[in-house]
Amino acid sequence: MKNLARKRPTINDVATASGVSRGTVSRVLNGHANVSLAAELAVRRAVAETGYVVNRAARSLKTSRTGSIVMVLSEPQERLFEDPNFSVLLRVATNQLAERDMSLVLMIAGDRGGRDRVARYLRGGHADGTLLVSTHAGDPLLEEIERAGVPAVACGAVLGRESVIPYATADDHGGAQQITEYLVGQGRRRIGMITGPLDTPGGLLRLEGFTSVLGRKATKRRIVNSDYTQAGGEAAMRELLDSVPDLDAVFVASDLMAAGALQALHAAGRRVPDDVAVGGFDDSIIATATRPMLTTVRQPLAKVAEETVRLLIALLDERDVEPVVLSTDLIVRDST
């Protein structure tokens, strides 16, 4: 019986339909810049008309590229759904890689089992590069990534490896200075802080920004370390009130923790901002969902994600890269 199955279109079919050479078609499909706009449009039109689909398996054998990037989140799985910042990073990175016809694989490395799975995946050669998110200083996974020889870029600096792992980040230190100076300028005199984990840049650098403004007034009893969760922020606020009963302002190192702090203040009968002013960090969707709405530091998270992906692509293309630090803005709302 005659085989009626339609023959799969080839790159030669695209070249014939577009009127350009096979080499030009290949350059367009691989994203090279040295192609005229007319040729690129002709190839794109021919691809659509012929129904040509890139054979990724063949491309991988030829180029040693898999066409996929791993985003490694070094936090417990529940943080992915609780913290809106991670959804922004995931959405932006996915869209940006899709423009280069690359796929994003999300892996959670919040415990030893997760780290082992990531290490096996990378050693198996399943990814071209790694996007590191919320990486903690001293994470043993970093050595596994280096041994696997996979290019890595971090969203936020990796403390202790700033000169080794390229990164894009917001100005954590400067943003913390901004909001602390604002609270001082509002006449607040007994200002406390709830930090993030001090083995992350957001935890350490935001604390340093806070203390650089207050100096000796930033005493240990006015500072409580927490974990970037709402429950953690609530518990830390209770501890801070026990330590400093006459507290009149608090800078909380994330909007999510600040939402928990507001709950603790309400439960303690403290009015915000009359009794205690509250400032956050991120300007996530949480900042406008709280009551009162949060004064906070806006970090350009979408732009940070874009820059992180750009740096990784540059590494894959064997180009030199430099760290990117983006400025922040103070957003004043009702909580101060």
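Reading the values: rules and limits
Residues numbered from 1 in each chain as written. Predicted model: local features only at pLDDT ≥ 70, side-chain atom pairs only at ≥ 80, totals over all residues. Heavy atoms only, no water. Pairing = 2+ DSSP bridges. Helix = DSSP H or I, 4+ residues; strand = E, 2+ residues; numbered from the N terminus. Axes fitted to C-alpha atoms, helices over the stretch in contact; angles between N-to-C directions. Domains from an automatic or database assignment. Contact = heavy atoms within 4.5 Å. Buried area = accessible area lost by both parts, 1.4 Å probe. Salt bridge = Lys/Arg side-chain N within 4 Å of Asp/Glu carboxyl O. Polar contact = N/O pair within 3.5 Å; in protein donor to acceptor, adjacent residues only side chain to side chain. Buried < 20%, exposed > 50% of the residue type's maximum accessible area, 1.4 Å probe, protein only. Arc of directions from axis to C-beta. Core = buried A, V, L, I, M, F, W, Y, C linked by side-chain atoms within 4.5 Å. Parallel < 35°, antiparallel > 145°, perpendicular 65-115°, else oblique.

- An unreviewed UniProt entry annotates the protein chain as LacI family transcriptional regulator originating from Glycomyces buryatensis.

## Describing the sheet that holds strand β5 (residues 167–170)
Either a parallel or an antiparallel arrangement is found when strands of a sheet pair, and the pairing is made through backbone hydrogen bonds.
Then step 1. Pairing in this open sheet of 6 strands is parallel, and the strands run β2-β1-β3-β4-β5-β11 from one edge to the other. What marks the edges here is a single partner per strand, and that holds for β2 (103–108) and β11 (324–326). Between one strand axis and the next, the sheet turns through 20° on average, direction left out of account.
Then step 2. With 3 bridges connecting them, β5 and β11 associate as parallel partners.

## Points about the domain arrangement of the protein chain
Size of an interface: often given as the accessible area lost when the parts come together.
Then step 1. Annotation of the protein chain at the domain level lists domain 1 (11–54), domain 2 (68–169 + 302–326) and domain 3 (172–298).
Then step 2. Averaged C-alpha coordinates put domain 2 and domain 3 at centres separated by 28 Å.
Then step 3. Across the boundary between the two partners, domain 2 contributes 12 residues, which contact 16 residues of domain 3.
Then step 4. Overall, the association of domain 2 and domain 3 removes approximately 1,000 Å² of surface from exposure, summing both partners, and the carbon and sulfur fraction of that is 60%.
Then step 5. Summed over the three residues of domain 2 that lose the most area to domain 3, namely Glu 82, Pro 84 and Leu 159, the buried surface amounts to 42% of that side.
Then step 6. One can count 0 salt bridges joining domain 2 with domain 3.
Then step 7. Put simply, domain 2 and domain 3 have 4 residue pairs in polar contact (both at pLDDT 80 or more) between them.

## Some remarks on helix α2 (residues 22–29)
Then step 1. Looking at α2, one finds that the buried residues are Thr 24, Val 25, Val 28 and Leu 29. One side of α2 carries all its buried residues, which in axial view fall inside an arc of 135°.

## Overview of the sheet that holds strand β6 (residues 191–195)
Then step 1. The strand order across the open sheet formed by 6 strands is β7-β6-β8-β9-β10-β12, and the pairing between neighbours is mixed. Bordering the open sheet on either side are β7 (223–225) and β12 (329–331), each of which pairs with just one other strand. Direction aside, neighbouring strands of the sheet carry axes that sit 20° apart on average.
Then step 2. One ladder, built from 3 bridges, connects strand β8 (residues 249–252) with strand β9 (residues 277–282); its direction is parallel. Paired with Ala 249 across the two strands is Ala 277, which belongs to β9.

## Quick notes on the nonpolar core
Then step 1. In this structure, Ile 194, Phe 210, Met 237, Val 250 and Val 278 are the most contacted members of the largest nonpolar core, which totals 39 residues.
Then step 2. Ranked by the residues each element gives to this core, the list is headed by helix α12 (residues 255–267), at 6 residues.
Then step 3. Ignoring sequence-local partners within four residues, the contact set of Val 250 consists of Leu 183, Gly 192, Met 193, Ile 194, Met 237, Leu 240, Val 276, Ala 277, Val 278 and Gly 279.
Then step 4. Judged by nonpolar contacts, the second largest core, of 28 residues, contains Leu 89, Leu 301, Val 321 and Val 324.

## Side note on the packing of α2 against helix α3 (residues 37–50)
The description of two packed helices rests on the angle between their axes and on the distance between the axes.
Then step 1. Orientation of α2 relative to α3, taken along the N-to-C sense of each, is 85°, at an axis distance of 10 Å. Between α2 and α3, the angle falls in the class roughly perpendicular. Across the interface between the two elements, Thr 24, Val 25, Val 28 and Leu 29 of α2 pack against Ala 39, Glu 40, Val 43, Arg 44 and Val 47 of α3.

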